[in-house]
Structure formats: structure tokens, C-alpha cells
Amino acid sequence: MRITAAVAPAEGEPLAMQELELDDPRPGEVRVRMVASGICHTDAIVRDQWYPVPLPAVLGHEGAGVVEAVGDGVSRVGVGDHVVLSFASCGECDLCLTGHPAYCATFYDLNFSGRRPDGSAAYTADGGDDVSSHFFGQSSFATHANVYERCLVKVPESAPLDLLAPLGCGIQTGAGAILNRLDPPAGSSVVVFGAGAVGMAALLAAVVAEAGTVVAVDPVASRRDLALELGATHAVDPHDGDPVERIREITGGGADYALDTTGVPAVFRQLSDCLGTLGHGAMVGATTPGTEGTVDIGTTLLSGQTLHMVIEGDAVPQTFIPRLIGLYEQGRFPFDRLVKHYAFDDINTGFADSESGEVLKPVVRY
Ligand SMILES: NC(=O)c1ccc[n+]([C@@H]2O[C@H](COP(=O)([O-])OP(=O)(O)OC[C@H]3O[C@@H](n4cnc5c(N)ncnc54)[C@H](O)[C@@H]3O)[C@@H](O)[C@H]2O)c1
Ligand SMILES: [Zn+2]
Ligand SMILES: [Zn+2]
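Everything numeric in this text was worked out from a predicted model, so none of it was measured. (Residues numbered from 1 in each chain as written. Chains lettered and ligands numbered in written order. Predicted model: local features only at pLDDT ≥ 70, side-chain atom pairs only at ≥ 80, totals over all residues.)

Undergrad: Account for the domain arrangement of the chain, with residues named and values stated.
TA: Parsing the chain into structural domains produces domain 1 (2–168 + 334–365) and domain 2 (174–311). Using only C-alpha atoms to locate each centre, domain 1 and domain 2 end up separated by 29 Å. Taken together, the contacts link 14 residues of domain 1 with 11 residues of domain 2. The dominant element in the side of domain 1 that touches domain 2, judged by the number of residues it contributes, is helix α1 (residues 41–47), at three residues. Here the residues of the side of domain 1 that touches domain 2 sort into nine nonpolar, three polar and two charged. (Domains from an automatic or database assignment. Contact = placed C-beta atoms within 7 Å. Helix = DSSP H or I, 4+ residues; strand = E, 2+ residues; numbered from the N terminus. Nonpolar A, V, L, I, M, F, W, Y, C, P; charged D, E, K, R; others polar.)

Put into C-alpha cells, the structure is as follows:
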């Protein structure tokens, strides 16, 4: 069928609206009519080819929409169901079977190869050339997409899809790093480096977990202000003095838990340095393969600290996203405060506003 997509045409180039041909859903796939899609920082770095998804490509991995057709063997959803889309996993490897699909043995191929496992792409341009599809199993920057069934999270028809879309990656990543991986007990101290969409979701989750001290570190003043409004007890400007010293003061010697959402090597070092004895740090920020972060192993040996690398909040989307929706409905997880909506054909403005720091979570509507 004819569909409209925002295509990433070449490295670093803005997305271009284009009509494409979408093939029929294959066994295990569902055709979703997209209602909304969040824009994640990871879409920008793949557009810029930090990770080599073959271009041209339909990116987008925070889709939400309505099931329009189902391929053979699909059993969990039917036509008309409302769905939020998350990352792809195989469902059969040891990591999937033990509840860690974000570490699926075939995660990279399923989410970043731009092709199905049989080598086909779902989209074709006029002239017959393939356009990469199945980005994070979905490629949601299109009016319609063929999505792996395992990406789907069924949500109630009453739920606002244009708000829920970013739960599929950015919001799940920050909230899951706190609630699934670090799991801070009530009263503990939590530091979040980077108060972007992922960091703000982490901060909201630290408040849900009833952390006693929640510190947001970000150079952007408006983001520090919003962090304080959303429940941070302290906000630190990393360019105003030494943030590690400031955090040690605030936490009375060192933080119990800390999260780096920046992917900046110097910040990763601050993450380790700001932890107290037996502290736990987690890293979610994406950067280019080959980037190194250092840790003072002489000093940290005595501290007994633990560092975690976390993908997609180590979540099982089908159970974690409904939990987040429940918390939102109770008024305890107000991630709607991060969202700003754009028309689909204004998608490049959404990218620009996220990069400038003006908007936390742009969401396009179709
Ligand atoms: N691990 C995963 O599964 C996963 C999933 C989604 C996103 N990501 C990655 O997470 C990162 C964050 O995503 P986002 O959407 O929140 O991006 P973002 O750009 O909105 O947020 C990054 C924040 O870091 C702040 N920052 C920059 N320098 C800093 C410094 N020196 N100290 C403290 N803060 C600093 C920026 O001002 C910004 O607010 C990105 O790298 C993204 O690609 C990873
Ligand atoms: Zn797997
Ligand atoms: Zn993402």
C-alpha cells in the first residue's frame, strides 16, 4: 500500500517526507496505523550515523497506533487494538527467556539492521530501491508500518496514544534504569546526570521510589528548574564549580545511586566519583562505539561500588509500560510535563527543539 514516511536520506541530512510502498505484514507482524511517535535522541544519532543503520531509512522507535492488519500466527492482538510500540527481541534466547529482552542475543540485528531476518525491507521507494525498515522492530516515522508482534504493548482504547508513544523507549529507559536496575530504597540518595527526557523520567521514577534526596545535574537552567518542580530536592549546574564536590556535600559524603544519561566520558567519571561506599551507578547515555570512560580503580576498589550498563531500562515492555501508565493515571508519574506535540510534516523542528534543549520530548502526530 502507499504510505507517507519521514525518510532519513543520508548522513546528517534532515528527514524528508516521501511516499513509499509498504508490503504486506509477514507472519508474526502487524500493520499499525500510526497515531503518534516520540522523537528520541537515538533517532538523531542514527540519522547522523553514529550507528550504521543503512540509509535511506525510516527511523522512529516510539510509535503508538491502531492495529490495521495482522500476519499469520499473530495471537496477542487483533484488528482495531490500540498499541504502544517498543523495541524488538527474539523471545527465544536465554536472555529473553530470563526476562531481559533488552539484552536479547540478536538485539542489534533485530533493531538496527534495517532489514527483516530474511534480508527484506518493508518499504520500497519509487524506482524500486529498498528503504530500511524495522528500526527497533517498527520504523514509526511513517503513517503505517509492519511491526514485529513482540514490539506491541496493548493499551486500553481510552488511553491517549499521542501521550503514551514515548513510553516505548525514552521514558521506559530512564524509569526502568531506576525502578528495574538500581531499585533505590525509600530514603536513599539518587543523582541523575542529564535532565533530558531520559533523565527526567529517571527523576520521576526516583520520586516514585520515595528516594530521600534526588539531585538533577544539567547545564541547561530551564531543565534544572523543571527538575526541581517535578520533585528533585537539588539541582546542580555542572559548569558552576565541581559537580562531584557539590554532590558529596549534598549527600553527606557520596550518593547511594547515580545515573548517567549523557554518554559523555567526563560525566561517566563524575558518576563513579560521586558515589558513596557500596554505591551503585548506571549508564544509559549512547555514544559512538570505541568511546572509553575511565574509572579511578585505585580508589573505587575500596568503595565497593557497582556500575551497570543499562539498555531500555532492562524492562519487559509488556509488563513495565502498563505499570508506568498506572502510575501516570494515579498522578504519580507526570511524564506528560515533558511532551510537546508537532505535526508529522514538522518533524525536523521537533528534532531541532530537542537538540537545542528547548523541548524535552517532541511527539509527532499523524
Ligand atoms: N540505553 C538506552 O537504552 C537508551 C535509550 C534511549 C536513549 N538513550 C540515550 O540516552 C541519552 C539521553 O537521551 P535524552 O533523550 O534524554 O537526550 P537529551 O539530549 O534530551 O538529554 C541529555 C541531557 O544531558 C545534558 N548534559 C549535557 N552535558 C552535560 C554535563 N556535562 N553534565 C550533565 N548533563 C549534561 C544536556 O543538557 C541534556 O539535558 C542519549 O544518549 C540517548 O541516545 C539510551
Ligand atoms: Zn532474545
Ligand atoms: Zn530511544
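After that view, the rundown keeps rolling.
Undergrad: Could you give an account of the sheet that holds strand β1 (residues 2–8), with specific residues and numbers?
TA: Judged by pairing direction, the sheet is antiparallel, and its five strands sit side by side in the order β4-β1-β2-β7-β8 without closing on themselves. Edge positions in the sheet fall to β4 (57–58) and β8 (130–131), since each of these pairs with one other strand and no more. (Pairing = 2+ DSSP bridges.)

Undergrad: Summarise the site of ligand 1; cite the residues concerned and give the values.
TA: Around ligand 1, the surrounding shell holds 33 residues, and the nearest of these are His41, Gly194, Gly196, Val198 and Ala286. Mapped by element, the contributors of at least two residues to the shell around ligand 1 are α1, α5 (170–182) and α6 (197–208). Counted by class, the shell around ligand 1 contains 17 nonpolar, 13 polar and three charged residues. If you count residues domain by domain, the shell around ligand 1 takes at least three from each of domain 1 (2–168 + 334–365) and domain 2 (174–311). (Near = placed C-beta within 6 Å.)

Undergrad: Mind laying out helix α8 (residues 243–251), listing which residues take part and the relevant values?
TA: Burial in α8 covers these residues: Pro243, Val244, Ile247 and Thr251. All buried residues of α8 fall inside an arc of 100° around its axis, so they share one side. Among the exposed residues of α8, those oriented more than 90 degrees off its buried face are Glu245 and Glu249. At its buried positions, α8 is contacted by β11 (189–193), β12 (213–217), β13 (234–236), β14 (255–260), α9 (265–273) and β15 (275–283). Backbone geometry just after α8 places Gly252 at a positive phi near 70°. (Buried ≥ 20, exposed ≤ 12 C-beta atoms within 10 Å, placed from the backbone. Arc of directions from axis to C-beta.)

Undergrad: I'd like a description of the sheet that holds β15, backed by residues and values.
TA: Spatially, the six strands line up as an open sheet ordered β13-β12-β11-β14-β15-β16, and their pairing is parallel. One side of each edge strand has no neighbouring strand; the edge strands of this open sheet are β13 and β16 (306–309). Ignoring which end each strand starts from, the neighbouring axes of this sheet average 15° apart. Judged from the five bridges that link them, β11 and β12 form a sheet pairing that is parallel. Bridging across to β12, Val192 finds its partner in Ala216. (Axes fitted to C-alpha atoms, helices over the stretch in contact; angles between N-to-C directions.)

Undergrad: Kindly report on the packing of α5 against α6, identifying the contributing residues and their values.
TA: At their nearest, the axes of α5 and α6 sit 7 Å apart, and the two run at 40° to each other. It follows that α5 is oblique to α6 by the angle criterion. Seen along the crossing, α5 lies across α6 with a hand that is right-handed. On α6, the residues that touch Gly170, Ile171, Thr173, Gly174, Ala175, Ala177, Ile178 and Leu179 of α5 are Ala197, Val198, Gly199, Met200, Ala201, Ala202, Leu204, Ala205 and Ala206. Counted by class, the contact of α5 with α6 contains 13 nonpolar, four polar and no charged residues. (Parallel < 35°, antiparallel > 145°, perpendicular 65-115°, else oblique. Left-handed = near helix turned anticlockwise from the far one by under 90°.)

Undergrad: Which residues make up the pairing of strand β6 (residues 82–85), and what are the values?
TA: Here β6 shows no split at all, with His82 and Val84 on one side and Val83 and Leu85 on the other all buried. Where strand β5 (residues 63–70) lies against β6, three bridges are found, and the strand directions are antiparallel. When the bridges of β6 are listed, Ala64 appears paired with Val84. Sheet topology note: the β6/strand β10 (residues 152–155) ladder contains four bridges and is antiparallel. Bridge pairing links Val84 to Val153 in β10.

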